[in-house]
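Spelled out, the chains give:
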Amino acid sequence: MVSTPSLETPLSGRTFLETAIASNSPNQSLVPLTTRLGKNDALEIGGCDVPTLVRRFGSPLYILDETTLRMACRQYREAFARYYEGDSLVLFASKAWSCLAVCALVAREGLGTDVVSGGELYTALKAGVPADRIYLHGNNKSAQELNYAIESGITVVADNWQDLRLLVELMGDRPNPVRVMLRFTPGIECHTHEYIQTGHIDSKFGFDPDSLDEVLQFVAKQPSLTCIGLHAHIGSQIFELQPHHDLPDVMVSWLQRAQGYNLPVTELNVGGGLGIRYTEADDPPSIEAWVKTICDRLTRACAEANLPLPRLLCEPGRSLIGTACVTAYSIGSRKTVPGLREYITVDGGMSDNPRPITYQSLYRAVIANRMNAPATETVTVAGKHCESGDVVIADAKLPATEAGDTLVVLGTGAYNYSMSSNYNRLPRPAAVLVCEGEANLILQRETYEDLLRQDRLPERLVPNQGS
Ligand SMILES: *Cc1c(COP(=O)(O)O)cnc(C)c1O
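Here the structure is a predicted model, which means the values were calculated and not measured.

## Quick word on the pairing of strand β14 (residues 341-346)
Right, on to step 1. As judged from the five bridges shared by strand β13 (residues 325-337) and β14, these two strands associate in the antiparallel manner. Its bridge partner being in β14, I331 is matched across the sheet by V346.
Right, on to step 2. If you look at the hairpin formed by β13 and β14, you'll find three residues sitting between the two strands, and G339 has a positive phi there, around 75°.
Right, on to step 3. Taken together, the three bridges between β14 and strand β16 (residues 377-382) define a ladder with parallel strand orientation.

Quick look at the structure:
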């Protein structure tokens, strides 16, 4: 499929761009789909000149391309319309990037949202996501979070017995039952990083499939719970279609058992997990191929089981928003370890992107103000945090750079801002949404005052108080 340029060629950012948009499926591209070579050798995204954005909004800066995000939403929706005869709904797994603008944008594209905490639920509701399109996950929901879900009229995905018992207790004799889905561990292996596998049996998420009958029997007896569907999520950053080819069969067998208990189960949620292309070595299937695999398989399994087609839900996170965003940093200090390594340092790191230090994730970068320069150097791009492991990219092939250049890390839309921290008391970066030459601030850069907002100083420690 995609030609991988030889690592021997000193690729410039410009020649890299020629191969970076390899398909119109955003998750198969290395860069946002609107990425161009602009004026003065500069990188352009969403019609905006990246070095200019950095001068205007500062760095580090998350730059989110509206076109790419909308395109991914549409490709999911359109693929379901094309390959599935039943009703369907795509949910955005908002843990990938939860903020008002992102939730609102995705909702405008007709998607629902899944949330995993009261905070994500609050964000989705404030962003205007309709309650009947919000689903609450989580393997340890608090009574307060469940109550919030009930009051908001959203659907709860029950993960364990505690969820069910708490729901029954909190519902008391409220007149309208709460809509509940049941999450089971599908027992399907996939080859991805150990921390992000959730589908195999030894997982903290979901009911064990062996307890299926017991759970269904319990739920069937609760007038305050309406069990509308079943859920399974295999894992994340998956490049094979096989796990999602196998999943519908497993879920349809559950569905058949549920009908034995006379439950109004009409929805199946197959989770998310489709991978994206972070580097040239990654080769995920397209959004369309992923959706088609699931639709074909589910349609066939339902026909074989003589069941009507359920409403089909999925909940991608990474493949919706991962490619749509890049992070622009300013390059600062440089260190040469003779005969070993050349370090260049950026003005962020593990606080704005904890994925490399957490999952050993790989990234690709370009120098936004030197897109025509050949990549003649192999350098390690380090962050500015007090951790030796705070490395953004090890052995990056880049042009010769100097302090003040703009280094842009690609594919940072998913699990970057949402996993960011204030480690070393770095204020979180700003984020801008770019589209057709306009840039709108969607997350204001944190200030030093923001860092102290929750700090409280006991009276006796206030400087120059008492003696
Ligand atoms: C994380 C998660 C997702 C989204 O996964 P991606 O790999 O980002 O698509 C969907 N559903 C559940 C239950 C999850 O935990």
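## Regarding the side chain of N353
Right, on to step 1. Structurally, N353 is set in the loop between β14 and α12 (355-359).
Right, on to step 2. A relative accessible area of 4% places N353 in the buried class.
Right, on to step 3. A distance of 3.1 Å separates the side chain of N353 from the side chain of N416, its partner in a polar contact.

## A look at the sheet that holds strand β3 (residues 48-49)
Right, on to step 1. Strand order in the open sheet formed by three strands is β1-β2-β3, with antiparallel pairing between adjacent strands. Strands with a single pairing partner mark the edges of an open sheet, and in this sheet they are β1 (36-37) and β3.
Right, on to step 2. Taken together, the two bridges between β1 and strand β2 (residues 43-45) define a ladder with antiparallel strand orientation. Looking at the pairing, R36 lines up with E44 of β2.

## Focus on the environment of A158
Right, on to step 1. Within the fold, A158 resides in strand β8 (residues 155-158).
Right, on to step 2. The class for A158 is buried, based on a relative accessible area of 0%.
Right, on to step 3. Sequence separation between A158 and R425 is 267 residues; the distance between their C-alpha atoms is 37 Å.
Right, on to step 4. Contacts of A158, omitting those with residues within four sequence positions, involve K141, D163, L164, V180, M181, L182, R183 and F207.

Parameters at a glance
- Every chain is numbered on its own, with residues counted from 1 as its sequence reads.
- Two thresholds apply to this predicted model, a pLDDT of at least 70 for residue-level local features and 80 or more for giving and counting side-chain atom pairs, whereas whole-chain, interface and lining totals are computed over all residues.
- Based on all heavy atoms of the structure, the side-chain values leave hydrogens and waters out of the count.
- Pairing between strands is defined by DSSP: at least two bridges between them are needed.
- To qualify as a helix, a DSSP run of H or I must reach at least 4 residues; to qualify as a strand, a run of E must reach at least 2; elements of each kind are numbered from the N terminus.
- Any residue under 20% of the maximum accessible area for its type is buried, any over 50% is exposed, and the rest in between are partly exposed; the area is computed with a 1.4 Å probe on protein chains only.
- Identification of polar contacts relies on pairs of N or O atoms within 3.5 Å, with a donor-acceptor requirement for protein atoms, meaning one able to donate a hydrogen and the other able to accept it, and with residues adjacent in sequence counted only if both atoms are side-chain atoms.
- Contacts between residues were defined by any pair of non-hydrogen atoms, one from each residue, lying within 4.5 Å.

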